[in-house]
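# Architecture at a glance
Each chain, letter by letter, is given below.
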Amino acid sequence: MEYYGYAGRILKVDLSTGSIKTEKLDMDMAKKFLGGQGVNTRLIFDLLKPKIDPLSPENVIIFGAGALCGTPAPAATKFSATTKFPESGIIGTAVGCGGFGPMLKWAGYDHIIVTGVSEKPVYLSIMDDNVELQDASDLWGKDILEATEALYKKYGNDSSVLCIGPAGEKLVRMSLALIDGIGHIGRGGLAAVMGSKKLKAMVVRGTKGIKIADVERFWKIFEFIVGRAFTDRNRLRWIKYGLHGVSEAWFEGGVVPVKNRRESPPAEEAIKTYGLKAFDEVLESYPWAGPSCITSDKLVMKVKKGEFEGLQTLASTTNNPVIFFGLPFNLSFNQGVKCHDIFNRYGIDEINGSYIIEVLIELYEKGLVTEEQLKMKPKPDFETVVKAAEMIIKREGLWDVVADGLLALIRKIPEASKYVIHNKGMAFPFDARVCLGVEVFDMLTNPRGAQSFALVRTPSLAIPNIPIEMVKVLAATYQIPMGARRRIFKDGEWSTARFTPYVENNNTAFNCLGLCYRFFIGRLYNPVIASSMYSAITGIPLSPEEFLTAGERVWNLQKALNVREGFDRKDDAIPERWITEPLKFGEKELRLQNYTRTLTISTREEAEKLLDDYYDERGWDIKTGVPTKEKLTKLGLPEAANLITELGYS
Amino acid sequence: MTTEERALMTRKFELHPEKCSGCLQCLMACSLKYEGVVNPLKARSKIVREGGITKRIVMSENCTFCGFCVSVCYYGARKLKGGGS
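Reference entry: report on the structure contained in this document. (Residues numbered from 1 in each chain as written. Chains lettered and ligands numbered in written order. Predicted model: local features only at pLDDT ≥ 70, side-chain atom pairs only at ≥ 80, totals over all residues. Heavy atoms only, no water.)

Take the overall build of chain B next. Each helix and strand counted, chain B has three helices and four strands in total. Here the C-alpha atoms of chain B give a radius of gyration of 12 Å, agreeing with the 12 Å that 2.2 N^0.38 yields for 85 residues. Overall, the C-alpha framework of chain B stretches about 35 × 30 × 20 Å when taken along its three principal axes. Put simply, chain B has 85 residues, and 51% of those count as buried. Across chain B, contacts joining residues at least 24 apart in sequence account for 53% of those joining residues at least 6 apart. Total accessible area on chain B is roughly 4100 Å²; 53% of this is exposed by carbon and sulfur atoms. For chain B, the centre of its 14 positive side-chain charges and the centre of its 7 negative side-chain charges are spaced 5 Å apart. (Helix = DSSP H or I, 4+ residues; strand = E, 2+ residues; numbered from the N terminus. Rg over C-alpha atoms; globule rule 2.2 N^0.38 Å. Buried < 20%, exposed > 50% of the residue type's maximum accessible area, 1.4 Å probe, protein only. Contact = heavy atoms within 4.5 Å. Areas by Shrake-Rupley, 256 points an atom, 1.4 Å probe, with all protein chains shown as cover. Lys, Arg positive; Asp, Glu negative; His and termini not counted. Charge placed at Lys NZ, Arg CZ, Asp CG, Glu CD.)

With that out of the way, let us pick up the sheet that holds strand β5 (residues 91-96) of chain A. Residue and element names in this part refer to chain A. Taken in spatial order, the six strands line up as β2-β1-β6-β3-β4-β5 in an open sheet, and their pairing is mixed. In this open sheet, the two edge strands, each paired with only one partner strand, are β2 (19-24) and β5. Between one strand axis and the next, the sheet turns by 20° as a mean value, whatever way the strands run. The sheet contact formed by strand β1 (residues 9-14) and β2 spans six bridges and is antiparallel. Pairing of I10 across the sheet is with E23, part of β2. (Pairing = 2+ DSSP bridges. Axes fitted to C-alpha atoms, helices over the stretch in contact; angles between N-to-C directions.)

Bringing the state of the cysteines into the picture now. Residues and elements named next belong to chain A. Taken as a whole and assessed by the stated rule, the structure comprises zero disulfides over all chains. Here C69 stays unpaired: no disulfide links it, and the sulfur of C97, its closest cysteine neighbor, is 9.1 Å away. In this structure C97 is not part of a disulfide, and its nearest cysteine sulfur, from C293, lies 6.6 Å away. Looking at C97, the relative accessible area reads 10%, which means it is buried. (Disulfide = S-S within 2.5 Å.)

The next subject is a positive patch on the surface. Taken together, the side chains of K170, K375, K387 and K394 of chain A define a basic patch exposed on the protein surface. Look at K387 of chain A and you get partly exposed, because its relative accessible area is 33%. (Patch = residues over 30% accessible without salt bridge, like charges linked within 9 Å, V, L, I, M, F, W, Y side chains within 5 Å. Salt bridge = Lys/Arg side-chain N within 4 Å of Asp/Glu carboxyl O.)

This is the structure in structure tokens:
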């Protein structure tokens, strides 16, 4: 059989026995779930037993390249990993950018299923049909960048590497892996799952290739997308600064709260210390794009003067040094870059990792943790961050608990629960009191918790003050049905809760195709363009409606799996502190309000009403927040409908 | 193509590795056009990277300088002298 777009094979690796097999990709499954996150989720539905320990040999990792990965379709770089995440216990899919997805396709595989546990450290080398488990004892203990470089040296700089660091090896649940030393993948402990399996890394180099069904049509759509990219007047800014390009606007909007989300720092000072001028003074930078990305936003950063002069590091989200380290801990720009480098090398999730240090500082101030427990007096300074990272890796004393994340900390110190702002154990990178946009709302309802990176998704509805006329245009662009639009737009207002499911469906479908949805890339596609591109590449007809339904199908299947694990409406709740405490920003006190700031949400009942609207829009049971049997059946998921019934839902 | 012709064609190309992001569009487009499949390793030029930074862009012996790679470079790393992007 001739495959177009797809490689047509799945690689199955059993680490317990060392068995490596390939099997054909089930094309009926591929058509229904598209690829990437979709096929991953359907495969894990059958493979993962209920309620297992995520760090036990029974856990499974399914990696998947998006359906368009490995082609020049702009920004088709996303590689996905589906597993049971140990930090939260949820089953979900992480996605990351880099060469691994495309290279895996060029080697002849769409997915990798990893099961079991190895006795000794290994890495997986995939050189076309020559796939082997290799001894990784020389790599074990190395940081991510060192280990990645060692594998490049052995297999060539044109190979691609997915690797874990010391955090993953030490089963730190607050850990992730890096693709090519730059693309983050797997907040919530993908690295710990790999570490528990003694799988240090995977390296791939493929000399085969991917065919395109209708090359002429492909180039026409390609040129159309490129034309859209060049209408972005900020394109060169994204390439030069990456997401740091929006930092000054974020400071002005107060969207980067500090001190455990109690206040947003004054914009003027933040711009002076961390703005674009400061970036230019401190850093030399080089653009870094995943294969096929036509507007790159990743950078190789080199400190050109001052402290840590000569330090070279890679940054996927280029404002991480500032928003997760510089601002919250009063660091210089140089120190922020150093902290980013340390966390990346260890493979500690920067969002949860930096946030939990902020939490510990507040708990210390309140006397809930002691200097003896922490082996330090935590303060917002450079020494605290560096020492904390080291202590997390060493897992000594209370840091053994901290390493496992916010939920572990709350279990150890129950009084901490009222000070921690999280969803399903994941820290929010941004704050709903600044703006209750779609991205922030999705961090409540997302089965993976507060995992999405607010303000960077398409359509981006986390930025305050977007006129309602523009929101209506976005609703039309993203093919939201007319009936739904009547529910979303009422009395001159629009409902974030009701808009959110459609963004989730759209972006999930993007993950299935392997398309990036950071806003300056995601805006290049919409359901019409994405589905046309899929059809041109694979030769399989796909309408925009089918594209969105596939996204909805995958979202519902993922939700059903997590209902099986015990997650329901209670886990989607808005954090108490958002409802009861204002966020100080200069003279202002920002309270939780609807998007247009015409309604304040100050009670639990008012907050719960938002979830009612979301579940209603999803066609789920409002009382439990669980997909109904009827909805799952309608989406062509009889297996999930049966599961829900067995669990006692209807 | 003779050595002289090749030297002449090479001079028509401007290569700016410092602007190259490593997106590989040039190599993917080349392999699709000439080999019928997408894979940068089958392209008629290659990009040499170290530490995530592009150091060199190397045109292979079998490159005909058709310019297709130039037409899909959106970072200014490959240009035709006197115009084109």
